[in-house]
Amino acid sequence: MLTRKQHELLLFIDRHLKQTGFSPSFDEMKDALNLRSKSGIHRLISALEERDFLKRRHHRARALEVLRLPEIAPPPQEDPPAPLPAEAFVPNVIKGDFAGRLTGAHVATEAGAINLPFYGRIAAGQPIEAMRDTGAQIEVPLTLLSQGDHYALEVAGDSMIEAGILDGDTVIIRQSDTADNGQIVVALIDDLEVTLKRLRRRGSTIALEPANARYESRIVPSDRVRIQGLLVGLLRQY
């Protein structure tokens, strides 16, 4: 039997995972449950782990996995759970010569890890020169990757903080020249500027949406945008 707060948190995490593909940040969980500090969230998550409802996935930032949902409804409450925050994710800008196709490393299913090409730093909030060093590589666990060719970029700046993407994080990108509406993509604008954003198609234009309220969405004619890849994973070192 879960407490009301444990039940609310589990359902909130489950909804967030289904909507965004990522687990919520501790601040988002704290706000959703109307708690004053994140220490309460830590205690609730530990309790859910002990009861085998939740699992933390190592080597991933903000990676929680819902193992099962309770079959019994929670005790009645006065106020309904807070709604899931709208669109939480991604900004970041790089600037450099990305006109050519970025070559990735193909995933071999029998390997435990793989070295991916590391193409430079993503400036979150302001353009900088991308360090496209084809000699640089980074080792990535296979569990972070999907099928296909991949490469890595490093985050620099603060425009991702509301989505839990921090300065120094490494994002893993699967090469693709197509994307579904709402996916996080590496987009090449005017064959010059590369940005990591959520893609929204609006008629003949494309909106590239950040997650930080300090930044505005960028609207670009669709013929000026080329998809360079899809976000599939994130690495963080402590």
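The residue numbering used here restarts from 1 in each chain and proceeds along that chain's sequence as written. In keeping with the predicted nature of the model, local features appear solely for residues at pLDDT of at least 70, side-chain atom pairs appear and are counted solely at 80 or more, and the whole-chain, interface and lining totals rest on all residues. Only heavy atoms go into the side-chain values, all of them from the structure, while hydrogens and water stay out.

> Can you lay out helix H3 (residues 39-50) for me, pointing to particular residues and giving the numbers?
In DSSP terms, a helix is any run of H or I states spanning at least four residues, a strand is any run of E spanning at least two, and both are numbered starting from the N terminus. Every helix has an expected span of 1.5 Å times one less than the residues it contains. In this model, H3 (twelve residues) spans 17 Å end to end at C-alpha, consistent with the 16 Å of a helix rising 1.5 Å per residue. Exposed residues in this analysis have more than 50% of their type's maximum accessible area, buried residues have under 20%, and partly exposed residues fall in between, with area computed by a 1.4 Å probe over protein chains only. Buried within H3 we find Gly40, Ile41, Leu44, Ile45, Ala47 and Leu48. Down the axis of H3, the smallest arc covering the buried residues is 160 degrees, so these residues share one side. Of the exposed residues in H3, those oriented more than 90 degrees away from the buried face are Arg43 and Glu50. Once H3 ends, the next one or two residues include Asp52, with phi positive near 60 degrees. Regarding the arc, it is the one traced by the directions from the helix axis to the C-beta atoms.

> Kindly report on the environment of Asp190, identifying the contributing residues and their values.
Take Asp190: it is sitting in the loop between strand S9 (184-189) and strand S10 (193-202). Accessibility expressed as a relative area gives 41% for Asp190, which makes it partly exposed.

> Describe the side chain of Asn212, with residues and values.
Along the polypeptide, Asn212 turns up in the loop between strand S11 (205-209) and strand S12 (218-221). The definition of a polar contact used here is a pair of N or O atoms within 3.5 Å, where within protein one atom must be able to donate a hydrogen and the other to accept one, and adjacent residues in sequence count solely through side-chain atom pairs. At 3.0 Å, the side chain of Asn212 and the backbone nitrogen of Arg214 are in polar contact.

> Can you tell me about the pattern of salt bridges, naming the residues and giving the values?
When a carboxyl oxygen of Asp or Glu is within 4 Å of a side-chain nitrogen of Lys or Arg, the pair counts as a salt bridge. One pass over the full model with this rule turns up eight salt bridges. Across the salt bridge formed by Arg224 and Asp190, the nearest N and O atoms sit 2.7 Å from each other. Taken as a pair, Arg224 in the loop between S12 and strand S13 (225-235) and Asp190 in the loop between S9 and S10 lie far apart in primary sequence, 34 residues in all. One salt bridge connects Arg202 with Glu209, and the closest N-O pair in it is separated by 3.4 Å.

> Help me get a handle on the UniProt feature "active site" (unreviewed entry) in the chain, residues and values and all.
UniProt marks Ser159 and Lys197 with the feature "active site" (unreviewed entry), using the numbering shown here. Looking at the element boundaries, Lys197 is found in strand S10. Lys197 sits in the buried class, given a relative accessible area of 9%. UniProt positions are given in the numbering used here, feature names are shortened, and annotations may be inferred rather than shown by experiment.

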